[in-house]
Amino acid sequence: MALCWFLLSFLFHSLYAHSDFFASIGQMTDLLYTEKGLVTSLKEYIRQEENRLEQVKEWADKLDSLTITATQDPEGFLGHPVNAFKLMKRLNSEWADLESLVLKDTANGFISNLTAQRQFFPTDEDQTGAAKALLRLQDTYQLSANTISNGDLPGVVHKSRMTVADCFELGKIAYSEADYYHTELWMAQALTQLDEGEESTIDKVSVMDYLNYAIYQQGELERALELTKRMLKLDPNHQRANGNLKYFEFQLEKQRKAEAEKKEQEDKKREKKVLDKREAQRKRSKDPLPERKKYEMLCRGEGVKLTPRRQSRLFCRYFDNNRNPQLLLAPVKQEDEWDRPRIVRYHDIISDSEIKTVKEMAKPRLKRATVHDPIMGKLTTAHYRVSKSAWLSGYEHSTIEKINQRIEDITGLEMDTAEELQVANYGVGGQYEPHFDFGRKDEPDAFKELGTGNRIATWLFYMSDVSAGGATVFPDVGAAVWPKKGTAVFWYNLFASGEGDYSTRHAACPVLVGNKWVSNKWIHERGQEFRRPCEMSENE
């Protein structure tokens, strides 16, 4: 047991001296083995406790029978010298042994193991990050709190229900972020499950207290008042509810008076307001959807802008890149995914064994993914990119070298000036909000330290299937590309003139169900002068 725990401690010290577990499903899977080891230790502690209690029980049963007999005729019983001797012996030494047995602490081993492992446990930040991810998934995929609580998600294999305590905790985290919309949703769900009879250590009044405040903060005084009255029926002496009752009644009365005073004036202006409202709606109907809304719609599979006519111009083919010697005997399978910007997918382009090697190399060094801060000019973590990544060089392993050569053969672009292969694993609700891969004119020094120019193109391997969510979407053009293990997609970020193609702004949708592994190669301008000649037209 000691050796087992030493090995576990060594393993997790080497892998998880960092935090942000929520940002990588791949690293979170290893936490399951930590928990499994702790359960084994806990069961051993229970076994020892059961053995100890069994000994105490046997002793108690034996003495119970003895004392019943003895107390029926105490003097007669003690008249037997052996009984007298055994009584002296029991009270002088055997009860002391029993005291030691009862006081024996068999928890020391388990507690010491637990304490040793706690330094590698997820932190408050991890719990908060996972909670925020659930809220993000709820919004992006338009899921009700009840759907998530019941575990009714598409593509799930291991269905898991949320308890009242789980819903309450999620609501509290939203409350701590002043997110009263989600506070209301999850406190209401907790209350519903309590009303349906679920047993919990969380009481209804505590849930209602948070729910009441969230509703009030959203300006719904009447609902807040009704909930306050319900609270007081359960707990008439609740100090805050009694104070709220008077305050809400006062505010509602004040509001009604103000509305009554304005009613006459509003009646006169009503006809004009109707006309203004219609005009405003007409104008809004012409306004383009905000990027966030388009992004979320595409993530749900809605709003894809590819007409049947454009679809008919997309084809599949065997591709040898102008009779590249490496592809003559084994051309690759190329499929058009989109026309403008041109996005192509390559099928069966990376094998399972290669994927396994890449993941094994990347996993121990996964760190929270960073983004380029144009203001600071440095790489930094960001809330809108929830994943962990690692960088792999061709000289480290022959598999990486082969992958790099394969990308060069297919694209015809120089890999010596490309960035290393970046491997990314997305966490709970893992996403990367809309962004450009290339440096814009307002950030001319974006890749200055590399000395290889701008990012001319992006190559993206999908190294896992994703049960639900996780698409790569292009909000400006309404394109969506779904993950498929063993495939890769490719597009140019720059026109041949060197100008940036702003239609390539893209995003990685939150992973709803599953584990998303990708790897990408960012290809730079230097070295491509004769491989992709410059054009004079700006948009060519």
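The structure contained in this document is the topic of the report that follows. Quick caveat, the model's predicted, so the values are computed rather than measured. (Residues numbered from 1 in each chain as written. Predicted model: local features only at pLDDT ≥ 70, side-chain atom pairs only at ≥ 80, totals over all residues. Heavy atoms only, no water.)

Our focus in this paragraph is the overall build of the protein. Assigned secondary structure in the protein consists of 16 helices and 17 strands. The buried share of the protein, taken over its 540 residues, is 43%. Of all intrachain contacts in the protein linking residues separated by at least 6 positions in sequence, the fraction that spans at least 24 positions is 73%. Of the accessible surface of the protein, which amounts to about 30800 Å², a share of 53% is contributed by carbon and sulfur atoms. (Helix = DSSP H or I, 4+ residues; strand = E, 2+ residues; numbered from the N terminus. Buried < 20%, exposed > 50% of the residue type's maximum accessible area, 1.4 Å probe, protein only. Contact = heavy atoms within 4.5 Å. Areas by Shrake-Rupley, 256 points an atom, 1.4 Å probe, with all protein chains shown as cover.)

Next up on the list: helix α9 (residues 180-195). Compared with the 22 Å implied by 1.5 Å per residue over 16 residues, the 22 Å span of α9 between its first and last C-alpha is a close match. For α9, the full list of buried residues reads Tyr180, His182, Thr183, Glu184, Trp186, Met187, Gln189, Ala190, Leu191, Gln193 and Leu194. On its buried face, α9 is in contact with α6 (124-140), α7 (145-150), α8 (164-176), α10 (204-217) and α11 (221-234). (Expected span 1.5 Å × (residues − 1).)

Another aspect to go through is the sheet that holds strand β17 (residues 517-524). Strand order in the open sheet made by the 9 strands is β1-β2-β3-β14-β10-β17-β8-β7-β4, with antiparallel pairing throughout. Either end of the sheet is taken by a strand with one partner, and the two such strands are β1 (316-319) and β4 (367-368). Alignment of strand β8 (residues 421-426) against β17, held across 4 bridges, turns out to be antiparallel. Across the sheet, residue Asn425 finds its bridge partner in β17, namely Trp517. Taken strand by strand, helix α15 (residues 352-362) contacts β7 (387-392), β8 and β17, and its axis lies near 105° from that of β7. With respect to the sheet, helix α16 (residues 398-411) is in contact with β1, β2 (332-338), β3 (343-347), β7, β8, β10 (455-462), β14 (488-492) and β17, its orientation differing from that of β10 by roughly 120°. (Pairing = 2+ DSSP bridges. Axes fitted to C-alpha atoms, helices over the stretch in contact; angles between N-to-C directions.)

Once that is clear, we can look at the packing of aromatic side chains. Enumeration according to the criterion identifies 19 aromatic pairs in this entry. For the ring pair Tyr175 and Tyr213, a centre distance of 5.9 Å and an interplane angle of 70° mean the geometry is edge-to-face. Here Tyr213 lies in helix α10 and Tyr175 lies in helix α8, a separation of 38 residues in the sequence. Tyr213 gets classed as partly exposed once you look at its relative accessible area, which sits at 34%. Taken together, the ring pairs in this structure connect Phe168, Tyr175, Tyr180, Tyr210, Tyr213, Tyr216, Tyr247 and Phe248 into an aromatic cluster. If you follow Arg455 out to its NZ or CZ, it ends over the ring of Trp522, 3.6 Å from the centre. (Phe/Tyr/Trp six-rings, centres within 6.5 Å; stacked < 30°, edge-to-face > 60°. Lys NZ or Arg CZ within 6 Å of the ring centre and 35° of its normal.)

Turning to α15, a few remarks are in order. By the burial criterion, the buried members of α15 are Glu354, Ile355, Thr357, Val358, Met361 and Ala362. Across the axial projection of α15, the buried residues extend over an arc of 160°, all falling on one side. The exposed set on the far side of α15, more than 90 degrees from its buried face, consists of Asp352, Lys356 and Glu360. In this fold, the buried residues of α15 make contact with β7, α16 and β8. (Arc of directions from axis to C-beta.)

Most of β17 sits inside the fold, with 8 of its 8 residues counted as buried. Burial of the side chains of β17 extends over both faces: Trp517, Ser519, Lys521 and Ile523 are buried on one face and Val518, Asn520, Trp522 and His524 on the other.

Moving on, we get to the nonpolar core. Judged by nonpolar contacts, the single largest core of 46 residues is most densely connected at Tyr141, Trp186, Val207, Val473, Cys509 and Leu512. Domain assignment of the residues forming this core places at least three in each of domain 2 (124-260) and domain 3 (294-524). Setting aside its immediate chain neighbours within four residues, Tyr141 contacts Cys299, Arg300, Gly469, Gly470, Cys509, Pro510 and Leu512. Of all hydrophobic cores here, the second largest spans 35 residues; its members include Phe319, Leu413, Ala488 and Trp517. (Core = buried A, V, L, I, M, F, W, Y, C linked by side-chain atoms within 4.5 Å. Domains from an automatic or database assignment.)

Turning to the packing of α8 against α10, a few remarks are in order. As a packed pair, α8 and α10 sit with axes 11 Å apart at the nearest point and diverge in direction by 35°. Crossing hand, α8 versus α10: left-handed. Each of Phe168, Lys172 and Tyr175 in α8 lies in contact with α10, whose residues at this interface are Ser206, Val207, Tyr210 and Tyr213. Its residues placed into classes, the contact of α8 with α10 shows 5 nonpolar, 1 polar and 1 charged. (Left-handed = near helix turned anticlockwise from the far one by under 90°. Nonpolar A, V, L, I, M, F, W, Y, C, P; charged D, E, K, R; others polar.)

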